[in-house]
Each structure stands twice: as C-alpha cells, then as structure tokens.
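# Per-entry structural report
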Amino acid sequence: MALDINKIRNDFPILKRQVHNKPFAYFDNAATTQKPNSVIDRMDKVYRETNSNIHRGVHYLSDITTRDFEAARDTVRRFINARHDHEIIFTPGTTSGINLVAFSFGERYVSEGDEIIISAMEHHANIVPWQMLCERKGARLRVIPMNDKGELLLDEFDKLFTSGTRLVSVTQVANSIGSVNPVKQIIELSHRHGVKVLIDGAQAVQHGYVDVQELDADFYVFSGHKMYGPTGIGVLYGKEEILEEMPPYQTGGEMVDNVSFEKTTFNRLPFRFEAGTPNYTGAIGLAAAIDYLEATGLDDIAAYEKDLLEYGTRQLSEIDGLHLYGRAKDKISILSFVLDDIHPFDAGMVIDKHGIAVRTGTHCAQPLMDRFGIRGTIRASLAFYNTREELDRLREAVEKTIQMFK
Ligand code: PLP
C-alpha cells in the first residue's frame, strides 16, 4: 500500500512552518528527524499525567511509569527482534552505546598488541572511542578500505584478521554517502574468525526492518532522535551471554544490588548498564516512534524513500558542475554532492535562504572525505515526509546558487 503523504505531513507539525518566508523543506534527516504528534503527545502525557521516577517507588505513579518504561523496552526488543528484554540497554544515544562497549568490553578483552577493525566510512562516533581504547591498551586500529563508489572491499577485510583481532565495529549505513554495507556477510566472516561484531545502526533502523537475531549481531546500537523519536535516548543491544560477562561501565544508583562501604554487588541485566535515573520519558517517546513507524509501514517507507532517492539523483545529476558522492549499489536516501568552485558551506547558506535545510561539511566522517580528497559535501538526507516537489525546489535552489557564484 502506498503512503498517504498528505496525512503523513500532517502528522509532523514542524513541516507546516515557514523559514525565511518560504515553505520549509527539511533535508537534514540524517542529523536528526522531525517528530510526529504521537511522539510529542506521548511525552507530554508523561509529564502532565504520570511523571515519577521509576523502579524505586511503591506509589501509584511510579508504578505506572515503571511499567510504561519496561513496556518501551519490550517494544524495542520486538522492533529489532532481540530474544530478551534484558538485552536492550537504554543509553543516551549511539555515541554512548559505542563508548559503553569500548570501555566495558574493551577493558575486559582488549590488551596490548590486539586489534580492532572498523571501516573507512565510519562516523567519528565509531572511530574515536576505539582509537582511545587502543591508546589506553597499546592496541591497534585497522580499517576496511572502500572503492570509489563507496562500497567496502570485503576481500581486503578478510585479510585484516590476525590472532589479535578482538572486535569488528562497522556501520550498517554510512551517514555521509548513504552506502548500505553487507553487515550480515561482515558478521558471518568475523564469526568465522571467532571475532565479535558491533553494528552501528544509527542510519539503518529508520529505513527498514532490523533483525538482530537474523544478522547474528553481537552488539547493535542506535539513537531515538534519528528515527522520529526524542533526543537523549538510544539503545545498545547486546547478546545476553556477552553482556553477562562484561564489567559495569558507569556506576552509581540503579545499577547496584547491594552497597556497603566495604563492597558493592551489581544488579542484573539490563539495569547493571543503566546507572542513574534513565531517560524514561525518552524511552516511552521512542516506543511511540516505533509504533508510528510500524503503523505507517516500514516496507512502504523504504519503497517511498527509494523512489525519492532515484528521483533526486536524476534531478541533481542533470546539473552541470554538480558531482554526487556515494554510488554504492545498495544505498539509502542520502544525496551527498559538491559544486565546482563553491565551498559547501557557502552553498548551504544560500540554499537555506530558499527555506531548504541541508547539511554541509564533513558530516563527522573526516577520514571518508580525505579518502575522496574533498573538504566536505552538501548533504540532502531524505525522509518519508519529503516529496518530489521539495526535491524540485532543491534542484532550483542549487541551480540558482551556481548562477550566483558564477
Ligand atoms: N553513527 C552514525 C552512522 C551516525 O550517523 C551518527 C550521527 O549522525 C552517530 C553514530 C552518532 O549518533 P548520536 O549523535 O545520536 O550519538
């Protein structure tokens, strides 16, 4: 069934606003997505009707909020098809999830001379935590190379494994150029070498179904705010048997079982990794976002976004002096491009004056920009509330920008 785009646009109040006296066209969805009424209303309801700290209370509202928070965990579990609710750790976001694994798993299993493998198209959030871990431990970072289209070279990947490889951490979808990586194959190959894998799903979960059991991912991380949910909430999925063996990362309330000045014992999963008051309102809002995505239909969303990507690619390809980056065979709806002799930042400022939001720069993927020998791109990242008419406006704005700088 095709998407009812008018209904969908009505669900997102911010899309009705004007920017610089023009209708607002939002193409910065890879940075963060807009929120539907159902998410805003659900969080509003928590603060207006049920707000109370969770888990520790015996009173009425604490009980309701605790149940809503744990129901949100179950919604996430179902959404990514994890086996157990306690494999779902709520975090502030993707970055926090990766840092948790780098500190906890890294502390226990990585030693001097060991190696961690990442890829050439990682977001800084999936580079720097590993780099710091390597510095702490005297370990080494290895990088899976990619071709000019933005596809990882799996033959080269296979050659990177040594007896010291401790973890592979790769993105499912590249935020800068949209490549979809063959993560199932990457996981299979890593497991053949006896190595565990973390998948950065920050740009993947919102574009289609993710099944962590089917992938056989050891860890999977993502952020609520990139999937039409609130900021400040994200998820780290980890296989039960791996999480059970990992030492605590942050410590304090909630994650403990028994505390005395002599000794502390720790709580069971998932609470052991959720120190302090969790963002329960965010978790409940995230569950509302998942409900919204499922009610809209993830298959229909993916099909609609594919059509937008093809349309946008055709429109932009016809512009003289515009060069698209990221031509992977499998790709999500991201149009990343440069304009001859115009700095991406200058172009972004002019495009903004047309009421169109694009992102410019390195998109937190500096090594990828270095690989292409460019200083950054202009990125239009599309969501299912965008339209072909908005892409026509983008084309027109880009053409006017080129004219202006001539
Ligand atoms: N990984 C990828 C692929 C991303 O696109 C992003 C954000 O753009 C992140 C990690 C970091 O996400 P967050 O800032 O929500 O922690």
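Pairing in this open sheet of seven strands is mixed, and the strands run 4-10-9-8-7-5-6 from one edge to the other. Of all the strands in the sheet, just strand 4 (88–91) and strand 6 (140–144) have a single pairing partner and so form its edges. In this sheet, neighbouring strand axes are inclined to one another by 20 degrees on average, regardless of whether the strands run parallel or antiparallel. In the sheet, strand 5 (residues 115–119) pairs with strand 7 (residues 165–171) via three bridges, with the strands oriented parallel. Paired with Ile-117 across the strands is Val-168, a residue of strand 7.

Let's shift gears to the side chain of Thr-296. In this fold, Thr-296 is placed in helix 10 (residues 280–296). The residues contacting Thr-296, other than those within four sequence positions of it, are Leu-3, Ile-8, Ile-301 and Phe-384.

Looking now at the site of the ligand. Not every one of the 13 residues close to the ligand is listed here, only the nearest: Thr-95, Asp-200, Gln-203, Ser-223 and Lys-226. Thr-95 is positioned such that a nitrogen or oxygen atom in its side chain is 2.6 Å from an oxygen atom of the ligand. Within the side chain of His-225, one N or O atom sits 2.7 Å away from an oxygen atom of the ligand. For the ligand, whose accessible area on its own is 400 Å², the fraction buried by protein is 86%. For the shell around the ligand, the class distribution of residues is three nonpolar, eight polar and two charged.

A word on the packing of helix 2 (residues 37–50) against helix 3 (residues 60–80). Running from amino to carboxyl end, helix 2 crosses helix 3 at an angle of 160 degrees, the nearest separation of the two axes being 11 Å. Classed by the angle they form, the pair helix 2 and helix 3 counts as roughly antiparallel. For the pair helix 2 and helix 3, the sense of crossing is left-handed. Two secondary-structure elements touch here, helix 2 through Arg-42, Glu-49 and Thr-50 and helix 3 through Leu-61, Ile-64, Thr-65 and Asp-68. Here the residues of the contact of helix 2 with helix 3 sort into two nonpolar, two polar and three charged.

This brings us to the domain arrangement of the protein chain. For an interface, size is often stated in terms of accessible area lost upon the parts coming together. When cut into domains, the protein chain gives domain 1 (5–27 + 297–397) and domain 2 (40–294). Computed over C-alpha atoms, the centres of domain 1 and domain 2 are 28 Å apart. Counting residues at the interface gives 35 residues for domain 1, matched by 32 residues for domain 2. For the salt bridge of Arg-371 with Asp-148, the shortest nitrogen-to-oxygen distance reads 2.9 Å.

A large share of strand 8 (residues 196–200) lies buried, amounting to four of its five residues. With helix 7 (residues 183–192) bridging strand 7 and its parallel neighbour strand 8, the resulting β-α-β unit is right-handed.

Judged by nonpolar contacts, the single largest core of 101 residues is most densely connected at Tyr-220 and Phe-384. When residues in this core are grouped by element, the largest group, eight residues, is from helix 10. Counting only domains with at least three residues in this core, you end up with domain 1 (5–27 + 297–397) and domain 2 (40–294). In this view, Phe-384 contacts Leu-3, Ile-5, Ile-8, Phe-12, Tyr-228, Tyr-292, Leu-293, Thr-296, Ile-301, Tyr-304 and Glu-305; residues no more than four positions away in its chain are not counted. By size, the runner-up hydrophobic cluster in this structure holds 24 residues, among which are Ile-98, Phe-219, Val-221 and Phe-273.

If you walk through the whole model with that rule in mind, you get 32 salt bridges. Taking the shortest distance from any N to any O, the salt bridge between Lys-7 and Asp-11 comes out at 2.8 Å. Residue Lys-7 and its partner Asp-11 are both found in helix 1 (residues 5–11); the two are separated by four residues, about one turn of the helix. Here Arg-73 and Glu-70 are joined by a salt bridge, their closest N and O atoms 2.8 Å apart. Taken together, the positions of Arg-73 and Glu-70, both in helix 3 and three residues apart, correspond to about one turn of that helix. By relative accessible area, which is 1% here, Arg-73 ends up buried. Note on Glu-70: relative accessible area 23%, which makes it partly exposed. Through salt bridges that share partners, Asp-28, Arg-359 and Arg-379 make up one connected network.

Rules used throughout
- Residues numbered from 1 in each chain as written.
- Predicted model: local features only at pLDDT ≥ 70, side-chain atom pairs only at ≥ 80, totals over all residues.
- Heavy atoms only, no water.
- Pairing = 2+ DSSP bridges.
- Helix = DSSP H or I, 4+ residues; strand = E, 2+ residues; numbered from the N terminus.
- Axes fitted to C-alpha atoms, helices over the stretch in contact; angles between N-to-C directions.
- Contact = heavy atoms within 4.5 Å.
- Near = heavy atom within 4 Å.
- Polar contact = N/O pair within 3.5 Å; in protein donor to acceptor, adjacent residues only side chain to side chain.
- Areas by Shrake-Rupley, 256 points an atom, 1.4 Å probe, with all protein chains shown as cover.
- Nonpolar A, V, L, I, M, F, W, Y, C, P; charged D, E, K, R; others polar.
- Parallel < 35°, antiparallel > 145°, perpendicular 65-115°, else oblique.
- Left-handed = near helix turned anticlockwise from the far one by under 90°.
- Domains from an automatic or database assignment.
- Salt bridge = Lys/Arg side-chain N within 4 Å of Asp/Glu carboxyl O.
- Buried < 20%, exposed > 50% of the residue type's maximum accessible area, 1.4 Å probe, protein only.
- Right-handed = clockwise from strand over helix to strand, strands pointing away.
- Core = buried A, V, L, I, M, F, W, Y, C linked by side-chain atoms within 4.5 Å.

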